[in-house]
Amino acid sequence: IGEGFISTDNLGRIDLMNHAAEILTGWDREMCLGRHASEVLKISGERNSHSDDDFDYKRIIDSRKIGSLDSAILITKDGGQKIISESHSPVYDQKYNYFGVVIIFRDITEEEKIQDSLRKSEEKFREIFNNTNDAIYLSELAENGLPGTFLEVNDVACRRLGYSREAYLSMSVMDILARESADTLPMVMRELLHKRSHMYESTHITKSGERIPVE
């Protein structure tokens, strides 16, 4: 569809509207000419905000300021709803006389659905990640084939060794291994990269210096 485009005169009455704006709003262009923009672009506040107030184009037009909405609800002519992003800007002639507003908007409904799905997947992952009985450490893989800095750890890992999540994110596996376990890590990593999974015994050192045997 592309971006909807509407321009108004200095009183907010529509004087230009493209085909994409017709499709997005459900309004016929000829019916819109001369109407106030707020009659056609019925926007119910900003999505995920705490306010349900309608978006006041009269106020926007009177303010003569550039502005935008990242995610708002557009009420179409037939009462349907679309999630849109919107931007608007006052228009001046060469003598800086104000003569209208340009409004550009696009449908981001599908994008928002994808983002919502990703957020739900991440929430589900974190719920599983933090509610398992095992400590989980996620680290990057350094160029030398050894584990690099921790990217994420779960709540059990924090409780078990006594480090905060923030502290972990500046550490690596080498910082929590006993010396004898650190010495065998290169061999362990070669096995892991070859077999794609590997189970072995090791010893972790807590923040207070306690030794904990692990598998």
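Look up: the structure comes first, before these words.
The text that follows walks through the structure, step by step, so that each part is easy to find. As the structure is a prediction and not an experimental result, all values here were calculated from the model.

**Thoughts on the overall build of the protein**
Part 1 of the reasoning: Along the backbone of the protein there are eight helices and ten strands.
Part 2 of the reasoning: The C-alpha radius of gyration of the protein comes to 29 Å, more than 25% above the 17 Å expected for a compact globule of 215 residues.
Part 3 of the reasoning: Oriented by its inertia axes, the alpha-carbon framework of the protein measures out at about 80 × 40 × 30 Å.
Part 4 of the reasoning: Per-residue burial for the protein yields a buried fraction of 36% across its 215 residues.
Part 5 of the reasoning: In the protein, of all internal contacts separated by at least 6 residues, the share reaching a separation of at least 24 is 41%.
Part 6 of the reasoning: Element-wise, carbon and sulfur atoms account for 50% of the exposed surface of the protein, whose accessible area totals about 13600 Å².
Part 7 of the reasoning: Here the protein holds 27 positive side-chain charges and 38 negative ones, and the gap between their average locations is 1 Å.

**Things to note about helix α5 (residues 109-131)**
Part 1 of the reasoning: With 23 residues, α5 should cover 33 Å at 1.5 Å per step; its first-to-last C-alpha distance of 33 Å lies within 8% of that length.
Part 2 of the reasoning: Turning to α5, its buried residues are Thr-109, Glu-112, Phe-129 and Asn-130.
Part 3 of the reasoning: Where the residues of α5 are buried, they touch β4 (67-75), β5 (81-92), β6 (98-107), β8 (147-153), α6 (155-161) and α7 (165-168).

**Remarks on the packing of aromatic side chains**
Part 1 of the reasoning: A complete count under the given rule lists seven aromatic pairs for this structure.
Part 2 of the reasoning: Summarising the aromatic geometry, the rings of Tyr-92 and Tyr-96 are spaced 4.3 Å apart at their centres and angled 5 degrees between planes, so their arrangement reads as stacked.
Part 3 of the reasoning: For Tyr-92, a relative accessible area of 26% corresponds to the partly exposed category.
Part 4 of the reasoning: Residue classification places Tyr-96 among the exposed residues on the basis of a relative accessible area of 61%.
Part 5 of the reasoning: Residues Tyr-137 and Tyr-168 carry aromatic rings whose centres are separated by 5.8 Å and whose planes lie at 70 degrees to one another, so their mutual orientation is edge-to-face. In this pair, Tyr-137 sits in strand β7 (residues 137-141) while Tyr-168 sits in helix α7, placing the two residues 31 residues apart along the sequence.
Part 6 of the reasoning: By relative accessible area, Tyr-168 is classed as buried at 0%.
Part 7 of the reasoning: Cluster of aromatic residues (ring-pair linked, three or more members): Tyr-137, Phe-150, Tyr-163 and Tyr-168.
Part 8 of the reasoning: Sitting over the face of the ring of Trp-27, Lys-77 holds its NZ or CZ atom 5.1 Å from the ring centroid.

**What to know about the side chain of Glu-152**
Part 1 of the reasoning: Relative to the elements of secondary structure, Glu-152 occurs in strand β8.
Part 2 of the reasoning: For Glu-152, a relative accessible area of 14% translates into the label buried.
Part 3 of the reasoning: A polar contact of 2.9 Å, which involves the side chain of Glu-152, links it to the side chain of Arg-165.
Part 4 of the reasoning: Apart from the residues lying within four places of it in its own chain, the contact partners of Glu-152 are Arg-126, Phe-129, Ile-136, Tyr-137, Leu-138, Arg-165 and Leu-169.

**Regarding the environment of Thr-109**
Part 1 of the reasoning: Here Thr-109 lies in helix α5.
Part 2 of the reasoning: Taking C-alpha positions, Thr-109 is 9.5 Å from Ser-85, a pair spaced 24 residues apart along the chain.
Part 3 of the reasoning: Those residues in contact with Thr-109 that lie beyond four places of it in its chain are Lys-82 and Ile-83.
Part 4 of the reasoning: Engagement of the side chain of Thr-109 in a polar contact is seen with the backbone nitrogen of Ile-83, the distance being 3.0 Å.

**So, the nonpolar core**
Part 1 of the reasoning: By size, the foremost hydrophobic cluster in this structure holds 19 residues, and its most contacted members are Ile-6, Ile-14, Met-17, Ile-103 and Phe-105.
Part 2 of the reasoning: Every element with two or more residues in this core is listed here: β2 (14-17), α1 (19-25), α3 (37-40), β4 and β6.
Part 3 of the reasoning: At four residues, β6 tops the list of elements feeding residues into this core.
Part 4 of the reasoning: Setting aside anything within four residues of it in sequence, one finds Ile-6 in contact with Ile-14, Leu-16, Met-17, Ala-21, Leu-41, Val-101, Val-102, Ile-103 and Phe-105.

**A few points about the pairing of β4**
Part 1 of the reasoning: Across seven bridges, β4 lies against β5 in antiparallel orientation. Within β5, the position partnered with Ala-72 by the bridge is Ile-84.
Part 2 of the reasoning: Here β4 hands over to β5 after five residues, with Gly-79 in that stretch at a positive phi of 90 degrees.

Each value, and the rule that gives it
Residues numbered from 1 in each chain as written. Predicted model: local features only at pLDDT ≥ 70, side-chain atom pairs only at ≥ 80, totals over all residues. Heavy atoms only, no water. Helix = DSSP H or I, 4+ residues; strand = E, 2+ residues; numbered from the N terminus. Rg over C-alpha atoms; globule rule 2.2 N^0.38 Å. Buried < 20%, exposed > 50% of the residue type's maximum accessible area, 1.4 Å probe, protein only. Contact = heavy atoms within 4.5 Å. Areas by Shrake-Rupley, 256 points an atom, 1.4 Å probe, with all protein chains shown as cover. Lys, Arg positive; Asp, Glu negative; His and termini not counted. Charge placed at Lys NZ, Arg CZ, Asp CG, Glu CD. Expected span 1.5 Å × (residues − 1). Phe/Tyr/Trp six-rings, centres within 6.5 Å; stacked < 30°, edge-to-face > 60°. Lys NZ or Arg CZ within 6 Å of the ring centre and 35° of its normal. Polar contact = N/O pair within 3.5 Å; in protein donor to acceptor, adjacent residues only side chain to side chain. Core = buried A, V, L, I, M, F, W, Y, C linked by side-chain atoms within 4.5 Å. Pairing = 2+ DSSP bridges.

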